[in-house]
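Here are the chains, one letter per residue:
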Amino acid sequence: MVGYDPEAKCVSTAEAAAAGSASGLVTRVLVSPLDVLKIRFQLQIEQLSSRNPTAKYHGILQAVQRIFWEEGLTAFWKGHVPAQFLSVGFGAVQFMAFESLTELVHKFTSFNARDSFVHLVCGGLAACTATVAVQPVDTLRTRFAAQGEPKIYPNLRHAVVTMYKTEGPQTFYRGLTPTLVAIFPYAGLQFFFYNILQQFSKWVIPSEAKNGANVKNLVCGSCAGVISKSLTYPLDVVKKRLQVGGFEHARAAFGQVRTYGGLLDCMRQIMREEGPGGFFKGLSPSLLKAAFSTGLIFFWYELFCGLLCAMKGPESTMRKEG
């Protein structure tokens, strides 16, 4: 199971980082199209409806068709290079920090490291640590996914140099405040619900077959992702809006653009101009992405940790099945 377990510990902190990186890399390749759709929806000021003639995107299928015809198949992997840096770096730091924090809880407090509330707090803190480490890459990924044709940034190096020269180093941390505010409960709830669902599954299926463990990890992770994303989604929209600040010229072909003075100003403008529904734009592809990505992250992480344990030989204490 994810997290420190003194009775079944066979994965070191470095190995947890490696497993987290690998799980992030594989998952990112598979869910990138949903991420592009989510970002396009989040940044659209106009209502996501076919009844609004000024709206570029109306729904998932219409958006997929339009992006494909206007920008080609590769558009669904726009920003994939910085996104991969993001996924690999975030996965490594998050799982390394989570394993370390749950181990510290076990060794230096009276709390049970397997407790769901411990996973809630440690998961949130681990994600905040990872977020600060990879926020510049996340900003780059958002801009690449948001730009249309012709491209403002033809490659990663050009984007970094241009942003640094024209907007300063602080631009790489645009949206950090709402990101941290959102990521703590989002990631914390992921680990919290994943732990609860794993315990529930063992109660429902106490004599589970070993070959069904990976499927169970996938299902538990998917459910945890959908629940946590639904509860924290509005702050994700605000973060994306702030990350494209100063990038309005590249958004002209997509419809209206706005300039925001910060977190509170962004929230006020969205509420005033788009109503409460504005905070949930792109929720459908986001929930699909959350289900796939969170399920796959835990699935691959558990699988890679199991493989690392097996590589140590039969004399090594095997990691308990989640």
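Residues numbered from 1 in each chain as written. Predicted model: local features only at pLDDT ≥ 70, side-chain atom pairs only at ≥ 80, totals over all residues. Heavy atoms only, no water.

### A few points about the UniProt feature "transmembrane region" (unreviewed entry) in the protein chain
In step 1: Per the UniProt record, the feature "transmembrane region" (unreviewed entry) sits at residues 290–310.
In step 2: The straight-line gap between the two end C-alpha atoms of residues 290–310 is 30 Å; of that span, 100% is helix and 0% is strand. (UniProt positions renumbered as here; feature names shortened; annotations may be inferred. Helix = DSSP H or I, 4+ residues; strand = E, 2+ residues; numbered from the N terminus.)

### A short note on helix 8 (residues 263–274)
Two residues of an α-helix separated by three or four positions point the same way, owing to the 3.6 residues in each turn.
In step 1: Here helix 8 is twelve residues long and its end C-alpha atoms lie 16 Å apart, about the 16 Å a rise of 1.5 Å per residue gives.
In step 2: If you check which residues of helix 8 are buried, you get Cys266, Gln269, Ile270 and Glu274. Buried residues of helix 8 fall within an arc of 100° about the axis and therefore sit on the same side. Residues of helix 8 that are exposed and angled more than 90 degrees away from the buried face: Leu264, Arg268 and Arg272. (Expected span 1.5 Å × (residues − 1). Buried < 20%, exposed > 50% of the residue type's maximum accessible area, 1.4 Å probe, protein only. Arc of directions from axis to C-beta.)

### A few points about the UniProt feature "repeat: Solcar" (unreviewed entry) in the protein chain
In step 1: Look at the UniProt record and you will see "repeat: Solcar" (unreviewed entry) annotated at residues 11–104, 114–200 and 212–307.
In step 2: Regarding residues 11–104, the helix share stands at 72% and the strand share at 0%, and the terminal C-alpha atoms are separated by 15 Å.
In step 3: Annotated as residues 114–200, this span is 78% helix and 0% strand, and its ends, taken at the C-alpha atoms, are 14 Å apart.

### So, a nonpolar patch on the surface
In step 1: Taken together, Leu25, Val29, Leu30, Phe68, Trp69, Leu73 and Trp77 make up a surface patch of nonpolar side chains, about 740 Å² in accessible area.
In step 2: Sort the elements by how many residues they give to the nonpolar patch and helix 1 (residues 13–43) lands first, with three residues.
In step 3: Secondary-structure assignment places leucine 73 in the loop between helix 2 (60–71) and helix 3 (80–108).
In step 4: A relative accessible area of 53% means that leucine 73 is categorised as exposed. (Patch = residues over 30% accessible without salt bridge, like charges linked within 9 Å, V, L, I, M, F, W, Y side chains within 5 Å. Areas by Shrake-Rupley, 256 points an atom, 1.4 Å probe, with all protein chains shown as cover. Salt bridge = Lys/Arg side-chain N within 4 Å of Asp/Glu carboxyl O.)

### Description of the packing of aromatic side chains
In step 1: This structure, assessed with the given rule, holds 14 aromatic pairs.
In step 2: Geometrically, the ring pair formed by tyrosine 233 and phenylalanine 280 is stacked, given 6.3 Å between the ring centres and 20° between the ring planes. Placement of tyrosine 233 in helix 7 (residues 213–243) and of phenylalanine 280 in the loop between helix 8 and helix 9 (283–311) is noted, with a sequence separation of 47 residues between them.
In step 3: Overall, phenylalanine 280 belongs to the partly exposed group, its relative accessible area being 38%. (Phe/Tyr/Trp six-rings, centres within 6.5 Å; stacked < 30°, edge-to-face > 60°.)

### Concerning the environment of glutamine 269
In step 1: You can see glutamine 269 is positioned in helix 8.
In step 2: A relative accessible area of 11% places glutamine 269 in the buried class.
In step 3: As a C-alpha pair, glutamine 269 and histidine 119 span 150 residues in sequence and 35 Å in three-dimensional space.
In step 4: Leaving out residues up to four positions away in the same chain, glutamine 269 has contacts with Arg258, Thr259, Tyr260 and Glu274. (Contact = heavy atoms within 4.5 Å.)

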